[in-house]
Structures are given as structure tokens and as C-alpha cells.
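The primary structure of each chain is shown beneath.
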Amino acid sequence: MTMPRESTLRERDVSRSGVSKTSPGRTSSGKAGLSKDDTAKGGAAAVSLNDVAVRFRTKDRDVTALRDVSLDVPMGEFVAIVGPSGCGKSTLLKLVAGLLKASAGDVLLHGERVDGPRPDIGYVFQRAALLEWRSARRNILLQAEMRRMPNDEARARADELIEMTGLGGFEDAYPHELSGGMQQRVALCRALLHQPPVLLMDEPFGALDALTREQMNMELNRIWRETGTTVLLVTHSISEAVYLANRVVVMSPRPGTITEIIDVGLPPERDYVETLARPEFREATTHIRELLGAASSED
């Protein structure tokens, strides 16, 4: 098995091949960015993948999508996953959600083996996938209907999320009346309605224009810090990955495996313009481009 290297960019000023076990920092509230030591003391990691492989059989050949993938994500951590197209990033999220079964290895959520679809995750896709005949509020509450949540509890939670994501005043608007960014806010609210401990996001802002994408990045950072949810984000944007995450997982071309795990070394609360100017940000994005062999088209 090939083990990924975990590094912190600060050490590269001393040695480009240095390895660090430094863990991401906490917020002042202690909700987000929990370290691996904290996880060890408090129990199982939120997400664990142990020697995972995924193989597909097609009409003409067998395809190995993932190989020897091992990753522990502590509770409250934000992890971004980057890599070339077709390397298995989305496949990895489907494994965690229980939508796909591993061909080998174990996938665990809070120490429990994932054997099928899990109710304790939220999932946000690239497209908002809203029902055109339902208002923003009713699209959010679709989650409650599917999970048979108590009506009063669901409505109170929806109101809280609408306020948190800046949708106040648009809760009765229909999808065609909302911008792309606002539609994704509705999709995010829908995914968070049942307060899942783990949120999976598959290129959620890929279809947005650059300015709206920056705004959504800032909103997501704030929401993550306020909720303490564990987040796994798949993205093709290197800058988005580094801005949002505690750690960035860099994957190889198919069959996808983890090349390196980078601790970006940024504080949890991140002003967008100030963060992009920090040396830690520049060093992390540069190193990820070097690992991938080319700059991301999103950057």
C-alpha cells in the first residue's frame, strides 16, 4: 500500500521534503477544526477510509477508480479534495454517503461501517436541483418531508438557516426568480436542515460566476465555523480548496490514490482578500499545482 505524505507548507522553507504532524487549529468556540489528538481523545473520527479500492466492470474492461485510499477526518474538520478529472473524487464522496460500495477496504462514519445510504450526512451537488414548482422555503423543507421530521422543528430550523445564509426576503421566491448563487444557498440549507454531522459537497460552486463563487466561499467558511459540521469538499479549484480547508487532499490520476495531504496552516476565520495575500496561501496553491503538474483551469 502507498501511504500519502502529510505536510505543512511552513516546513518547506527549511526542507521541501519535510513532513509535519501539525493539526489544524480550533476556532475560539472550539466547534471547528478539531485536531487529530482531540479526535483520539473523544472517540472515532467523523470519517475514516482504510485501504479503500473501487473497481468497476464495464462491457469491455475492468476499471479501477480508487486504489489504496486511507484518510481520517476528525470531527469538525474541513477537508478539500483536488485532483485531475476522472481520479475518483466524486466516487470517494459516494462511498462516504453509502451510495456506492467499496470493492476493498473499509469506510466508517463515526466508527460505524458504511453499508448503505446514511441518514446522518448532507449532500450538496454541483447543480442546486431545486423543484421549480416549490418556493425556496418549501424546497428546503423537502428534506424534512423525506425524513419525516416534526413540522414545527423543521420550520424553526428552516427559518434559522434562511437567516444564516442571507435568504431572508426570498424564502417565498421560486427557483426561476433566484440567481445561481441564491439557488445554491437554498440547496445548502436543504442539506443542513436535519443538522447532519457530516456534509459532503461535490463541486457545489463550479457553475457560478467568479464573483458569486467568492461570495459563496466566504459564506461557506462562516457557516462551517458557526455549525461545527465536518465537511468534505470536492473541487477543481485549487484556490477554493486552500481558502476553505484545514487540509487539502491531493489525488493522483486514475486509479486515484492520495498523493499528499497538505495542512494549509491558515486560521479558521478567513477574510477573502487578506487570505489570498498570505504567504501560507500562496505556498499551498503553488505546491498543489506542482503536485498536479499544471495549474487548475479554475485558477
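Values in this document were obtained by computation on a predicted structure and should not be read as measured data. (Residues numbered from 1 in each chain as written. Predicted model: local features only at pLDDT ≥ 70, side-chain atom pairs only at ≥ 80, totals over all residues. Heavy atoms only, no water.)

Enquirer: Explain the overall build of the protein chain here, please?
Expert: Summing up its helical and strand segments, the protein chain has nine helices and eleven strands in all. The buried share of the protein chain, taken over its 299 residues, is 54%. Considering only residue pairs separated by 6 or more positions, the protein chain has 71% of its internal contacts joining residues 24 or more positions apart. (Helix = DSSP H or I, 4+ residues; strand = E, 2+ residues; numbered from the N terminus. Buried < 20%, exposed > 50% of the residue type's maximum accessible area, 1.4 Å probe, protein only. Contact = heavy atoms within 4.5 Å.)

Enquirer: Can you help me understand the nonpolar core in this one?
Expert: Side chains of a nonpolar character, in soluble globular proteins, are inclined to be buried together. In this structure, Phe 78, Leu 193, Leu 199, Met 201, Val 242, Val 248 and Ile 288 are the most contacted members of the largest nonpolar core, which totals 52 residues. When residues of this core are assigned to their parent elements, the largest contribution, seven residues, is made by helix α5 (residues 180–192). Within the second largest apolar cluster, 31 residues are counted, among which are Cys 87, Leu 95, Val 96 and Leu 200. (Core = buried A, V, L, I, M, F, W, Y, C linked by side-chain atoms within 4.5 Å.)

Enquirer: What should I look at first to understand helix α2 (residues 89–97) in this one?
Expert: Because the α-helix completes a turn every 3.6 residues, residues three or four places apart line up on one side. Across the nine residues that make up α2, a large majority, seven, are buried. Phi turns positive, to about 80°, at Gly 98, one or two residues after α2.

Enquirer: What is the right way to read the side chain of Asn 139 from this model?
Expert: Looking at the element boundaries, Asn 139 is found in helix α3 (residues 136–147). Its relative accessible area of 0% is what places Asn 139 among the buried residues.

Enquirer: Would you explain the pattern of salt bridges in this entry?
Expert: For the coordinates displayed, the defined rule picks out 16 salt bridges. The shortest N-O distance in the salt bridge between Glu 219 and Arg 222 comes to 2.5 Å. A residue pair is termed a helical-turn pair when its members lie 3 or 4 positions apart in one helix, as Glu 219 and Arg 222 do in helix α6 (residues 210–227) at three residues. Each member of the salt-bridge network shares a partner with another, and the members are Arg 185, Glu 219, Arg 222 and Glu 226. (Salt bridge = Lys/Arg side-chain N within 4 Å of Asp/Glu carboxyl O.)

Enquirer: Please explain the layout of surface pockets as it appears in this structure.
Expert: Remark: the empty space left among the atoms is shown by a probe the size of a water molecule rolled over them. In this structure, the largest pocket spans a volume of roughly 420 Å³. As for the largest pocket, its lining consists of 20 residues, of which Tyr 123, Phe 125, Gln 143, Met 146 and Arg 147 are closest to the centre. Elements with a contribution of two residues or more to the lining of the largest pocket: β7 (121–124), α3 and α5. Of the residues that constitute the lining of the largest pocket, the class distribution is 13 nonpolar, three polar and four charged. (1 Å grid on protein atoms, 1.4 Å probe; cavity = no way out; pocket = protein on both sides within 12 Å on 5 of 7 lines; lining within 4 Å. Points joined across faces, edges and corners; volume = space filled by probe spheres on them. Nonpolar A, V, L, I, M, F, W, Y, C, P; charged D, E, K, R; others polar.)

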